[in-house]
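# Notes for the structure review
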Amino acid sequence: MGWGLVAPALLWTAAFFVLPFAAMVALSFAHMEGREVVRGFDPGNYIRIFTDWTMLKALLNSLEITVVVTVVSVVLAWPLAAIIAFRVPARWQRLALLLAVLPFWTSYVVRSYAWLLVLGQNGVVNKALLSLGLIAEPLEIAATRVATVIGFVHFFVMLLTLTIYANLIQLSPNYARAAADLGAGRWQTFRHVILPLTLPGVVTGAFLTFVLCIGDYITPQILGGNAELTLPQLIMLQLGRSGNFPLASALSVVLMAVVTLAYFASSRWLRLDRV
Amino acid sequence: MALKAILPMTAATLAAMSCPGLAQELNALVWCDHTDPALIEPFEEKFGVKVNLKEYEGTAAGLAILDQSQPGDWDVLVIDAVDVGRAVEAGYLAELPADQLPTQNFFPELVMAENNMVDGKTYAVTEKFGYNTISYDKTKVDPADMEDMASLTSGKYDGRIGIYDYYLPVLGLVALGQGINTADITPDTLGSLKDPLMALRAASKQVSDVVSAQTALATGEVDIVVGGGEWLTAVLAADNPNLDWTIPKQGGLRWAQSIGVVAGSTQPDLALEFVKYIVSPEGQAKLATSSCYWGMPANAKTGDALSMEQRAILRWQEQPDFLKRAQLYPIPDAALDTAMQDLWTEMLNQ
C-alpha cells in the first residue's frame with residue numbers, strides 16, 4: 001500500500017530527473033570530433049574545465065556573484081521580514097507581504113531590461129544623483145557586476161523575506177520576554193535568541209537564493225553586459241553556439257556538484273517545510 | 001441513406017484530421033523576423049492554412065531542434081546562408097525546384113549558389129541580407145571617424161563602444177581591420193586577430209545581444225556598436241533619427257539568411273509555396289521591414305513594394321555599391337569554428 005502511494009512520485013523522479021541526469025553524466029564523458037559527438041569514457045571535458053583559465057574563471061565569477069548576492073539579500077531581507085512580522089499590525093501583514101513580492105508578478109526578462117534603463121548613464125539613478133549634485137559625472141553601473149548583483153538582489157530579497165517571515169511569525173514572544181527577565185539587552189536577545197531561532201528560515205531562503213542565482217544566465221547577460229562570463233553563460237555558449245553538448249554536460253555536472261556541496265553545507269539548518 | 005452517406009463523410013473527415021498532410025498547418029522553424037503577423041497573415045489567408053512558427057537563435061540550436069524532431073515535424077527552415085551546406089550535409093533540407101524560384105531578379109551577389117546549392121542541386125534560396133558593420137549615434141561621435149576601424153581603438157571612444165555578441169561577424173570585421181579577407185581566416189591567421197580583438201574589447205563597455213545593443217545605443221549607454229548595421233538601427237529610426245550606420249573603408253560583412261523546405265516534410269508543395277511567397281516582392285517587402293528587425297530584400301524587384309521612407313532607411317539606392325564593399329561571413333570548418341569560439345569566449349572573460 002505504502003509503495004503504491006509513493007510509486008507515482010518515484011516514477012516521476014526517475015523519469016524526469018534520475019534518467020536525464022544519468023544521460024547527462026554519460027554525455028559529459030563523450031567528446032566532439034568535428035561536429036559529431038563521439039561517446040565513450042573520456043574525462044577530457046572535466047580536465048579542460050579545471051585547467052582552462054577561461055572556464056575556471058567563469059566558475060569563480062559565478063561563485064563570487066552568488067555569495068555576494070546571497071549575503072546582501074539576507075542582510076536586507078531579515079530586517080524587512082522582521083518589520084512585517086513584528087511592527088506591522090496583523091491585519092496589514094498580508095498586504096505588506098503582497099507589496100513585498102509584487103515585483104515577482106513582472107516577467108523576469110522584462111524586469112532585467114527595466115533595471116538596465118534605471119541603472120543606465122541616462123537612467124533614473126544617475127539623473128537623480130546628478131540633479132542632487134552628489135556626482136559630477138554619471139556613474140558606470142549598467143553592464144557591470146554591480147548591476148548584475150543589484151538585479152539579483154532585487155529578486156531574491158523578495159524570496160528571502162517570505163522564508164524568514166514564515167520563520168519569524170512562528171516564534172513565541174515568550175522567548176524575548178524570558179531573555180529580558182534574565183537580564184539580556186535588546187542586542188543580546190537578538191544575537192543569542194532570535195537570530196539563532198530564525199536560522200532555519202534564513203538558511204532555507206539563502207540556499208534557494210544560492211541555487212537560483214548560480215544557475216541563472218539571463219541577469220548577467222542583460223545587466224552585466226557580458227562584462228564577464230558566468231558558468232551558466234558558458235553552458236549556454238556551448239549549447240547554442242558550439243553545439244558542444246558533451247562539454248555543456250560536463251559544465252552542468254560541475255554546476256550541480258557545487259549546488260550539492262552548498263546543500264550539504266547548509267543541510268544542518270535547512271527546513272524546506274518552512275517555505 | 002443517411003447512414004450510408006454520413007459514414008464515408010465521417011471517415012473522410014477523420015482521415016483529414018488525422019493525416020498531417022491534410023492538416024493545413026505549416027510548421028516553420030524560423031528567425032524572429034518571420035513572426036510578424038503582417039508577413040504571415042497574407043499567406044495564411046491566400047492558402048487557407050495556419051502557419052505555426054518556432055523561433056530559434058544560432059544554427060547549432062536550430063539543428064539540435066531538427067535532430068530531436070521526427071521526420072514531418074517541420075516543413076520550412078530559415079537558416080544562416082553560410083550554414084545551408086551544414087544542414088544539407090546533415091540531411092535536413094530537401095531539394096528545391098530552381099526553375100520555380102525568382103533568383104534571376106535577385107541582386108547577383110545574393111543568389112549565393114555556392115552556399116544554397118550542393119552538388120549542383122538547390123536546397124535553399126536567399127531571402128534577406130544586411131551588413132555587420134558599425135552603427136553609431138551621429139550626434140555623439142564624429143561620423144568621419146566611423147569610416148576607419150582604427151579609430152575604434154584609438155582611445156577616443158574608450159568605454160563608449162558596444163560589441164555585438166556574435167563571434168563570426170565581429171571576428172570577420174576584426175580580420176578586415178587587419179587587412180585579412182574573411183575567406184582567408186584560417187587557424188594560422190586566427191592568432192593574429194587575438195590582440196586586435198582584445199584591444200577592441202578593452203575599449204568597449206559591453207558585449208551584448210541584439211536587444212541589449214539596441215537599448216544601449218538608444219539610451220546613450222554606448223555611442224557605437226561594432227557588428228551593428230541597418231538591422232540594428234532601422235527599427236529605431238522613427239524614434240531615434242540620430243542613429244546611423246556605415247561601412248568603413250576596410251569593409252564590412254554581409255550577412256544573409258536562406259529559406260528552404262525541410263526534408264521529410266509531409267506537405268512539400270505547400271512548403272514550397274511558402275518559400276515562393278517569401279521571395280516574392282510582396283513577401284520580401286514585409287520581411288525586410290519586419291517588426292523584429294529590418295534587412296535588405298534579396299529580390300531586387302522589391303523596390304516598388306517599399307515606401308519611399310522605407311527605401312531611405314534601407315539605403316536602397318546604395319545597395320550595389322555597398323554590396324561591392326562587403327564580404328561574406330567567414331565559413332569555418334569544425335576545427336576553425338571551435339578555435340574561433342574559444343577565442344571569443346576568452347575575449348568575453350578577459
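Residues numbered from 1 in each chain as written. Chains lettered and ligands numbered in written order. Predicted model: local features only at pLDDT ≥ 70, side-chain atom pairs only at ≥ 80, totals over all residues. Heavy atoms only, no water.

Quick reminder of the rule: UniProt positions are given in the numbering used here, feature names are shortened, and annotations may be inferred rather than shown by experiment.
In the nomenclature of an unreviewed UniProt entry, chain A corresponds to ABC transporter permease from the organism Paragemmobacter kunshanensis. What UniProt states about chain A under its Sequence similarities (unreviewed entry) heading is, verbatim, "Belongs to the binding-protein-dependent transport system permease family. CysTW subfamily."

### Considering the overall build of chain B
Formally: Note on conventions: DSSP H or I runs of at least 4 residues are helices, E runs of at least 2 residues are strands, and numbering of each starts at the N terminus. The globule rule used here is 2.2 Å times the number of residues to the 0.38 power, and the radius of gyration it is set against is calculated over C-alpha atoms. Relative accessible area decides the class of each residue, using a 1.4 Å probe on protein chains only: under 20% of the type maximum gives buried, over 50% gives exposed, and in between gives partly exposed. Working rule for contacts: check all heavy atoms of both residues, and any pair within 4.5 Å makes them a contact. The Shrake-Rupley method, run with a 1.4 Å probe sphere, supplies the accessible areas, and residue values consider only the shown protein chains as cover. His is not counted, nor are the chain ends; Lys and Arg add positive charge and Asp and Glu add negative charge. By convention, the charge on Lys lies at NZ, on Arg at CZ, on Asp at CG and on Glu at CD.
When you go through chain B residue by residue, the secondary structure sums to 15 helices and 13 strands. Since a compact globule built from 350 residues should have a radius of gyration of about 20 Å, the 22 Å found for chain B is in line with a globular shape. Its C-alpha atoms give chain B principal-axis dimensions of about 90 × 45 × 35 Å. Relative to its full complement of 350 residues, chain B shows a buried share of 56%. Residue pairs at least 24 apart in sequence account for 75% of intrachain contacts in chain B once pairs closer than 6 positions are excluded. If you sum the accessible surface of chain B, you get close to 14,100 Å²; carbon and sulfur atoms cover 54% of it. Counting 23 positive and 47 negative side-chain charges, chain B places the centres of these two groups 4 Å from one another.

### With respect to the pattern of salt bridges
Definition in use: Salt bridge, as used here, is a side-chain nitrogen of Lys or Arg placed within 4 Å of a carboxyl oxygen of Asp or Glu.
Within the structure shown, the criterion is met by 19 salt bridges over all chains. A salt bridge links A:Glu64 to A:Arg145; the nearest nitrogen and oxygen atoms lie 2.8 Å apart. Here A:Glu64, found in helix H3 (residues 53-87), pairs with A:Arg145, found in helix H7 (residues 145-168); they are 81 residues apart in sequence, far enough to count as distant. A:Glu64 sits in the partly exposed class, given a relative accessible area of 40%. Relative accessible area serves as the criterion here: at 28%, A:Arg145 is assigned to the partly exposed category. In this structure, the salt-bridge partner of B:Arg325 is B:Asp321, at a minimum N-O distance of 3.9 Å. With a gap of 4 residues between them, B:Arg325 and B:Asp321 both fall in helix H14 (residues 319-325), about one helical turn apart. Here B:Asp321 falls in the partly exposed class, since its relative accessible area comes to 39%. Ionic contacts of the salt-bridge type, sharing partners, join the residues B:Asp137, B:Lys140, B:Arg160 and B:Asp223 into one network.

### Observations regarding the packing of aromatic side chains
All names here are of chain B. How we decide: Put simply, two rings from Phe, Tyr or Trp (the six-membered ring, in Trp's case) pair if the centres are within 6.5 Å, and we call them stacked under 30 degrees between planes, edge-to-face over 60, tilted for the rest. Note on geometry: a ring has a charge over it if NZ (lysine) or CZ (arginine) is within 6 Å of the ring centre and within 35 degrees of the ring normal.
By the definition in use, this model includes 26 aromatic pairs over all chains. Each ring, one from Phe43 and one from Phe47, has its centre 4.7 Å from the other, and the planes form 35°; the classification is tilted. Here Phe43 pairs with Phe47, and both are found in helix H2 (residues 37-47), just 4 residues apart, close to one helical turn. Aromatic rings pair up to connect Phe107, Phe129, Tyr131, Trp245, Trp316 and Phe322 into one cluster. Looking at Lys128, its charged tip hangs above the ring of Tyr293, at a distance of 4.1 Å from the centre. Here the guanidinium or amino end of Arg315 rests over the ring plane of Trp245, the centre of that ring lying 5.0 Å away.

### Focus on the environment of B:Ile313
Residues and elements named next belong to chain B. Here Ile313 lies in helix H13 (residues 308-314). Sequence separation of Ile313 and Ala237 is 76 residues, and the distance between their C-alpha atoms is 7.6 Å. Not counting residues up to four positions away in its chain, the partners in contact with Ile313 are Ala234, Ala237, Trp245 and Trp294.

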